[in-house]
Amino acid sequence: MLLKNVLVRLITTAITLFGVAVVVFVLVRVAPGNPIAMMLPPGATSEDIANLSALYGFDKSIFEQFVIWLGGVLRGDFGTSITLRQPVAELVLGRLPATLELSTMALFIALGLGGTVAVIGARKRDTATEVGLDLTSGAVLSIPDFLWGLIFVLLFGVLWPILSISGRIDPRIEFDFTTNFYIFEGLIRGRFDVVMSTLSHMLMPAMSLALPLAAMIAQLLKQNLKEVLNQDYTTLARVRGFSETSVILREALRNAALPTLALVGVQFTFLIGGTVIVERLFAFEGLGNMAIDAVINRDLPLIQGIVLLFAALFTVINLLVDLSYTLLNPRLRHG
Amino acid sequence: MTTQPHEKTLEIRQLNATLPNGMRLLRDVSLTLEPGEVRALVGESGAGKSMIGRAVLGILPSAVVHSSGDILLEGQSLNALRPKTRRSTVAKMSALIPQDPLTALNPVRKIGPQITDPLVRIHRWSRDRALKRALELLERVHIRNPERVINSYPHELSGGMRQRILIAAAFAPSPRLIVADEPTTALDVTVQKQILQLIRELQRETGTAVLFVTHDMGVVAKISQKVTVLFAGRVLEDAPTEAIFNDATHPYTRGLIAATPTPNATAEPFRPVPQDLIAQLQRDTQAEDMRFYQGGRK
Ligand SMILES: Nc1ncnc2c1ncn2[C@@H]1O[C@H](COP(=O)(O)OP(=O)(O)OP(=O)(O)O)[C@@H](O)[C@H]1O
Ligand SMILES: [Mg+2]
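Definitions and limits used
Residues numbered from 1 in each chain as written. Chains lettered and ligands numbered in written order. Predicted model: local features only at pLDDT ≥ 70, side-chain atom pairs only at ≥ 80, totals over all residues. Heavy atoms only, no water. Helix = DSSP H or I, 4+ residues; strand = E, 2+ residues; numbered from the N terminus. Buried < 20%, exposed > 50% of the residue type's maximum accessible area, 1.4 Å probe, protein only. Contact = heavy atoms within 4.5 Å. Lys, Arg positive; Asp, Glu negative; His and termini not counted. Charge placed at Lys NZ, Arg CZ, Asp CG, Glu CD. Areas by Shrake-Rupley, 256 points an atom, 1.4 Å probe, with all protein chains shown as cover. Near = heavy atom within 4 Å. Polar contact = N/O pair within 3.5 Å; in protein donor to acceptor, adjacent residues only side chain to side chain. Nonpolar A, V, L, I, M, F, W, Y, C, P; charged D, E, K, R; others polar. Domains from an automatic or database assignment. Buried area = accessible area lost by both parts, 1.4 Å probe. Salt bridge = Lys/Arg side-chain N within 4 Å of Asp/Glu carboxyl O. Pairing = 2+ DSSP bridges. Expected span 1.5 Å × (residues − 1). Bend = angle between axes of the 7 residues up to and from the residue. Phe/Tyr/Trp six-rings, centres within 6.5 Å; stacked < 30°, edge-to-face > 60°. Lys NZ or Arg CZ within 6 Å of the ring centre and 35° of its normal. Patch = residues over 30% accessible without salt bridge, like charges linked within 9 Å, V, L, I, M, F, W, Y side chains within 5 Å.

J.: Honestly, the overall build of chain B in this entry has me stumped. Any pointers?
T.: Regarding its fold elements, chain B presents 11 helices and 10 strands. The buried share among the 298 residues of chain B stands at 52%. At a minimum sequence separation of 6, the contacts of chain B that also span at least 24 residues come to 67%. Once the 38 positive and 30 negative side-chain charges of chain B are each reduced to a mean point, those two points are 6 Å apart.

J.: Please clarify how the overall build of chain A should be interpreted in this entry.
T.: Assigned secondary structure in chain A consists of 14 helices and 0 strands. What you see in chain A, going N to C, is helices and strands ordered as α-α-α-α-α-α-α-α-α-α-α-α-α-α. Taking the principal axes of its C-alpha atoms as reference, chain A extends roughly 85 × 55 × 40 Å. Per-residue burial for chain A yields a buried fraction of 42% across its 335 residues. Of the contacts made within chain A by residues no fewer than 6 positions apart, 71% connect residues no fewer than 24 positions apart. About 17100 Å² of surface is accessible on chain A, with carbon and sulfur atoms providing 69% of the total. Each charge class in chain A can be summarised by its mean position, and for the 24 positive and 25 negative side chains these summaries are 10 Å apart.

J.: How should the site of ligand 1 be read in this particular structure?
T.: Residue and element names in this part refer to chain B. The local shell around ligand 1 holds 13 residues, among which Ser45, Gly46, Lys49, Ser50 and Met51 are the closest. Taking Ser50, its side chain carries an N or O atom lying 2.6 Å from an oxygen atom of ligand 1. A distance of 2.9 Å separates an oxygen atom of ligand 1 from a polar backbone atom of Met51. The protein chains hide 66% of the 630 Å² of surface that ligand 1 would expose on its own. With 3 residues, the top contributor of residues to the shell around ligand 1 is helix α1 (residues 49-57). Taken together, the residues of the shell around ligand 1 break down into 6 nonpolar, 4 polar and 3 charged.

J.: Help me understand the domain arrangement of chain A in this model?
T.: By domain assignment, chain A separates into domain 1 (19-74) and domain 2 (97-285). Here domain 1 of chain A and domain 2 of chain A have C-alpha centroids that lie 41 Å from each other.

J.: Whenever I open this one, the interface of chain A and chain B confuses me. Can you help?
T.: Interface size is often expressed as the accessible area that is lost when the parts come together. Chain A puts 21 residues into the contact, and the matching count from chain B is 23 residues. Summed over both partners, the interface of chain A with chain B buries about 2200 Å², with 57% contributed by carbon and sulfur atoms. If you sort the residues of chain A by the area they bury against chain B, Val239, Arg240 and Arg250 of chain A come out on top, with a joint share of 28%. Joining chain A to chain B, the criterion identifies 2 salt bridges. In this structure, Asp117 of chain B and Arg250 of chain A form a salt bridge, with 2.5 Å as the shortest nitrogen-oxygen distance.

J.: Would you explain the pairing of strand β4 (residues 66-73) of chain B in this entry?
T.: On a regular strand, one side chain projects to one face of the sheet and the next to the other, so that they alternate. Residue and element names in this part refer to chain B. Where strand β1 (residues 10-18) meets β4, 7 bridges bridge the pair, whose relative direction is antiparallel. Bridging across to β4, Leu10 finds its partner in Leu73. Relative to strand β5 (residues 76-77), β4 runs antiparallel, the two being bridged by 2 bridges. Opposite Leu73, over in β5, you have Gln76 as the bridge partner. Between β4 and β5, which pair antiparallel in sequence order, lie 2 residues; one of them, Glu74, sits at a positive phi of approximately 45 degrees.

J.: Hey, could you run me through helix α11 (residues 244-281) of chain A in this one?
T.: Turn by turn, an α-helix covers 3.6 residues, leaving residues three or four places apart pointing in a common direction. Residues and elements named next belong to chain A. For α11, which comprises 38 residues, the first-to-last C-alpha distance of 43 Å sits more than 12% below the rise-based estimate of 56 Å (1.5 Å per residue). Taken as a whole, α11 carries its principal kink of about 60 degrees at Ala252. Downstream of α11 by a residue or two, Ala283 has a phi angle that is positive, lying close to 45 degrees.

J.: Could you clarify how one ought to interpret unusual backbone geometry in this entry?
T.: Trans peptide bonds make up most of the peptide bonds, and negative phi angles are found at most residues other than glycine. All names here are of chain B. Here the phi dihedral of Asn145 falls at roughly 65 degrees; this positive angle occurs in a residue that is not glycine. For Ser174, which is not a glycine, the phi torsion comes out positive at approximately 50 degrees. One can find Ser174 in the loop between α6 (159-171) and β7 (177-181).

J.: It is not clear to me how the pattern of salt bridges should be interpreted in this structure. Could you clarify?
T.: Side chains carrying opposite charge are able to pair once their charged atoms draw close together. Residues and elements named next belong to chain B. Taken as a whole, this structure holds 21 salt bridges over all chains when the rule is applied. Here Glu11 and Arg13 are joined by a salt bridge, their closest N and O atoms 3.1 Å apart. Exposure remark for Glu11: the relative accessible area of 21% places this residue in the partly exposed category. Arg176 is paired through a salt bridge with Glu74; the nearest N and O atoms lie 2.7 Å apart. Of this pair, Arg176 sits in the loop between α6 and β7 while Glu74 sits in the loop between β4 and β5, and the two are 102 residues apart along the sequence.

J.: Before we go on, may I ask you to explain the pairing of strand β8 (residues 209-213) of chain B in this structure?
T.: Residues and elements named next belong to chain B. Most of β8 is tucked away, with 5 of its 5 residues classed as buried. Taking every second residue as pointing to the same face, both faces of β8 are buried, with Ala209, Leu211 and Val213 on one and Val210 and Phe212 on the other. Inspection of the sheet shows strand β3 (residues 38-42) paired to β8 by 4 bridges, in the parallel sense. Counterpart to Val38 in the pairing with β8 is Val210. With 5 bridges joining them, β7 and β8 adopt parallel strand pairing.

J.: Explain the packing of aromatic side chains to me, please; I cannot follow it from the model alone.
T.: Each aromatic ring pair is summarised here by two numbers: the centre-to-centre distance and the angle between the ring planes. All names here are of chain A. The tally for this structure, following the rule as stated, stands at 13 aromatic pairs over all chains. Between Phe175 and Tyr182, the ring centres sit 5.1 Å apart and the planes meet at 80 degrees, which makes this aromatic pair edge-to-face. The ring centre of Phe25 lies 3.6 Å from the NZ or CZ of Arg29, which sits over that ring.

J.: Got a minute to help me understand a positive patch on the surface in this structure?
T.: Residue and element names in this part refer to chain B. A contiguous patch of positive charge, built from Lys92, Arg121, Arg124 and Arg127, is present on the exposed surface. Take Arg127: it is sitting in helix α4 (residues 127-140). Judged by its relative accessible area of 54%, Arg127 falls in the exposed class.

J.: Whenever I open this one, the side chain of Glu182 of chain B confuses me. Can you help?
T.: Residues and elements named next belong to chain B. With respect to the helices and strands, Glu182 occurs in the loop between β7 and α7 (189-206). Buried charge without a partner: Glu182 forms no salt bridge, and the closest opposite charge is Lys49, 4.4 Å away. Within the structure, Glu182 has its side chain in polar contact with the side chain of His215 (distance 3.4 Å). Excluding its chain neighbours within four sequence positions, the residues that come into contact with Glu182 are Lys49, Gln99, Val213, Thr214 and His215.

Below, the structure is given as structure tokens:
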């Protein structure tokens, strides 16, 4: 039963990724803009362009190109970036940790902030406090992540410059890490200066990404909490002497989290999509920022690599959401 | 806490409850419960039986705006207590056996902690003592394999099992008072008898006073010493069970008894409470409401 589920899952994942690869491959090739023409100096002849195109295999049909590319992918070779002249896999995997750390931090902020507001709202249900929180989260939700980014840059970068508004880490800090997980490796190696600098650089972009999701969690989780708080088992907990706060935290939260979780999973993939613009805004050296450069330069192999990685990331996240759903819900665990 | 022999376990004095639209749910309800006594609360659906139980336990719906009167647990007036103290006082002295065992257990938590949590966190028992007590009571309510059951989730158990567990949980802290709100109506008929029997046995063994909400006069005859008959939030009659069955003073009560199908007298035709009697009672209630509101506006 379980094995069958895993198998079905793997097959659908493979099909999805293949579909994404095909679509992206075709789209970037039919879209206007010639990557080779952009690489060469203005005086280049059409012969020069044709020669270089042949070198990158762009003279072949799209189908042939795809077969060649797919053959490479199956051997672990995602091609070479046209502008950066490095293997795509190396470039993309080098940037992935930055984006992963950023979006994870944003997710934690969203869960912490949204969860707290939801619990307070449920605790103060049917009072002015609840209405106030609803209005606030509604307002927060109506402002998209990149606008939050601009607001933060203005507030804490310009008007009251207390946080750095660009980059991932203070360039004066010297360190030699094996991975690009600055926070993770910094913690393991005890390099807290690296960790602190990275965190302070991540704070604003992470907040920008987190706020809309936090507001959504606040609203949905509170609604679910209020429903659960009418259930007989929460009434029974009150009869047994538990305070309203401990009824919410001990009896209601896990039940209310279940329906919230499905939405958080979907929204988290949107959040990762949001890193593209937000990373650009804060000159944060992540995957999204690299994606924008790749598109501007029509760096086809790099675009393909990045999109495929994003698609793979989304699949993994969906898998994790399903897994945590099963862990939280005993009815699913026992079949 | 030592109980004075003369002290009543529960005393409800002139209890009133009203909705924002002025609808009166309870009208000057008074009743008492002696230690170890079982009192049945009967009346048709919507009469306010559950509302009385909820008032005692401090879980009135938030929509109930106005309530006056007092409730005393072993002589302690609950009105005199601050909300927090009131909550813990009520929790330490009383327990609830709910109506629907399918919704009264938390679906994502194991059975064990759902019984032991209040013992440890509210009654301040040690974990070991709480666990021992839980196992002992599960065994007492005829649950085979209690060690396995405490590690189960509610959905793995039948409705009858869950109600036994809720009964065990209610009796676990040795409360002075148990409110049982139609504890068998949600169950299969065959299981109903066993559950009723179980509550009666445990009540006799422990000497716990029970406020037993039901609309089944057959159940009343089996379990209670006293009966309170309610109509539209008003006490129509309050008498020992025997007296109620032998010569009820109020025609509505006689109607209720007559309306109860008795298994050993199947030849007797089923007679519901006469409609004109109910209509008369409703008119009385409305007239009383008029007097109440006019009196209040003076
Ligand atoms: N949450 C609530 N908000 C407002 N009114 C309520 C609420 N719950 C019950 N009532 C009303 O209070 C009155 C008494 O209800 P109660 O639940 O005490 O009846 P009951 O005698 O227990 O009936 P039943 O046999 O159906 O359980 C009814 O008129 C009902 O409509
Ligand atoms: Mg009821």
